[in-house]
Amino acid sequence: MEILADAGSQGLGAQTGGRVVTPPHRKFKKNAPDWYEEMHERQRKAHSSRRIRVEHGIAHLKNWRVLARHHGRREHMTDIIQAVAGLLSHQQTATLATDCHV
């Protein structure tokens, strides 16, 4: 399984056998050749365009008050996230069906 992560998770790829994929590291801090800048930008953009779905999903989950103000036990968090994801999926399906009939 491949896990798309943000730059804050760089270094996890080596620990997980390459399952965590992060944006590419910059090899040149200053005065990078033009070819390198172009290549790095293409790789970064390709990664972010795949990860945008993950970010949208996280943003939807954070909109739910139960997650934003969770003060309960962490063991119950998985059940809460599954319930919220199910409700969100149902809500989006209902919205799409309504939009199609209008």
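Numbering of residues begins from 1 in every chain and follows the order in which that chain's sequence is written. pLDDT decides what is reported in this predicted model: residues at 70 or higher carry local features, side-chain atom pairs at 80 or more are listed and counted, and totals for whole chains, interfaces and linings draw on all residues regardless. Only hydrogens and water are removed before side-chain values are computed, so all heavy atoms of the structure are retained for them.

Asker: Looking at this model, I keep getting lost on the confidence of the model for the chain. Mind explaining?
Answerer: Residues shown with low pLDDT carry predicted positions that ought not to be read at fine detail. The predictor attaches a confidence to each residue, and that confidence, scored 0 to 100, is pLDDT. Of all residues in the chain, 80% attain a pLDDT of 70 or more, and the chain-wide mean is 76. Strands here mean DSSP runs of E at least two residues long; helices mean DSSP runs of H or I at least four residues long; both are numbered from the N terminus. Mean pLDDT across the elements of the chain bottoms out in helix α3 (residues 65–68) (65) and peaks in helix α2 (residues 34–62) (84).

Asker: Looking at this model, I keep getting lost on the packing of aromatic side chains. Mind explaining?
Answerer: Given two aromatic rings, one states the distance between the centres and the angle between the planes to describe the pair. A pair of Phe, Tyr and Trp rings is counted when the ring centres sit within 6.5 Å of each other, with Trp represented by its six-membered ring. The angle between the planes then sorts it: under 30 degrees is stacked, over 60 is edge-to-face, the rest tilted. With the rule as written, the count across this model stands at one aromatic pair. Here W35 and Y36 contribute two aromatic rings whose centre-to-centre distance is 6.0 Å and whose plane-to-plane angle is 90 degrees, an arrangement assigned as edge-to-face. Remark: exposure states derive from per-residue accessible area (1.4 Å probe, protein chains only) relative to the maximum for the residue type, with buried under 20%, exposed over 50%, and partly exposed in between. Taking the relative accessible area as the measure of exposure, W35 reaches 55% and is therefore exposed.

Asker: Which parts of the structure should I look at to understand α2?
Answerer: Since the α-helix turns once every 3.6 residues, residues separated by three or four places project in the same direction. For α2, spanning 29 residues, the distance from its first C-alpha to its last is 39 Å, which sits close to the expected 42 Å at 1.5 Å a residue. Along α2, the largest kink reaches about 40 degrees and is centred on R51. Looking only at α2, the buried set comprises Y36, H40, H47 and R51. Taken together, the buried residues of α2 touch β1 (3–4) and β2 (20–21). The length a helix should cover is 1.5 Å for every residue beyond the first. Two axes enter the bend calculation: one fitted to the seven residues ending at the residue in question, the other to the seven starting there, and the bend is the angle between them. We call two residues in contact when some of their heavy atoms are within 4.5 Å.

Asker: Help me understand the side chain of H40 in this model?
Answerer: Among the structural elements, H40 can be located in helix α2. Judged by relative accessible area, which is 7%, H40 ranks as buried. Setting aside residues no more than four positions away along its own chain, H40 makes contact with P24, H25 and R26.

Asker: Honestly, unusual backbone geometry in this entry has me stumped. Any pointers?
Answerer: Apart from glycine, the bulk of residues carry a negative phi angle, and the bulk of peptide bonds sit in the trans form. Within the chain, N31 stands out as a residue other than glycine whose phi angle is a positive 50 degrees. N31 sits in the exposed class, given a relative accessible area of 77%.

Asker: I would appreciate a short explanation of the side chain of R51 in the present structure.
Answerer: Mapped onto the secondary structure, R51 falls in helix α2. Its relative accessible area of 10% is what places R51 among the buried residues. Residues adjacent in sequence count toward polar contacts only when both atoms are side-chain atoms; beyond that, a polar contact is any pair of N or O atoms within 3.5 Å, and within protein one must be able to donate a hydrogen and the other to accept it. Within polar-contact distance, the side chain of R51 engages the side chain of E55 at 2.6 Å. Beyond its immediate stretch of four places on either side in the chain, R51 contacts L4, A5 and D6.

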